[in-house]
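Chain by chain, the residues run as shown.
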Amino acid sequence: MNILLGIILVIFGIAAILTLIRIVRGPSILDRAVASDVLLTEVMCVLGAEMAINGHTRNIPVLLVIAMIGVFGSIAVARFVARRDNTPS
C-alpha cells in the first residue's frame, strides 16, 4: 500500500471514529443527521483520494450513489423535523 494512502486512511479513520461517537451520543436527531452526512463525506473523500493516488476512475459510480444517499437522507430528515415542528402539542 502506498504510504500516502495509509496516512490518509489513518486520518480519516480517526475522523470516522469521532463522527460515529457523535452519531451514537446525539443528543438530537439533527446532530445525528449532520454526523451521518459528515461520515458519508469522509467515505467519499477516502474513495476520491484512492482514485487520485492510484490513477483510476472505477469508483465514480460508487461516489455518485453515496452522494445521492446523502442528499436524499438529508431531505428526509429535514422533512421529518419540519413535520414534527408543525404538529400541535
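No experiment lies behind these values; they were computed from the predicted model shown.

Undergrad: Teacher, can you tell me more about unusual backbone geometry here?
TA: Trans is the prevailing form of peptide bonds, just as negative phi is the prevailing case for residues other than glycine. The linkage connecting glycine 26 with the following residue, proline 27, adopts the cis geometry, with an omega of 10°. Topologically, proline 27 is positioned in the loop between α1 (3–25) and α2 (29–54).

Undergrad: Would you mind showing me how to read helix α3 (residues 60–86) here?
TA: Three or four residues apart is the spacing at which side chains of an α-helix point the same way, because the helix has 3.6 residues per turn. Here α3 spans 39 Å end to end across 27 residues, near enough to the 39 Å set by a 1.5 Å rise per residue. Of all the positions in α3, only Leu63, Ile66, Gly70 and Val81 are classed as buried. Against α2 lie the buried residues of α3.

Rules used throughout
- Residues numbered from 1 in each chain as written.
- Predicted model: local features only at pLDDT ≥ 70, side-chain atom pairs only at ≥ 80, totals over all residues.
- Heavy atoms only, no water.
- Helix = DSSP H or I, 4+ residues; strand = E, 2+ residues; numbered from the N terminus.
- Expected span 1.5 Å × (residues − 1).
- Buried < 20%, exposed > 50% of the residue type's maximum accessible area, 1.4 Å probe, protein only.
- Contact = heavy atoms within 4.5 Å.

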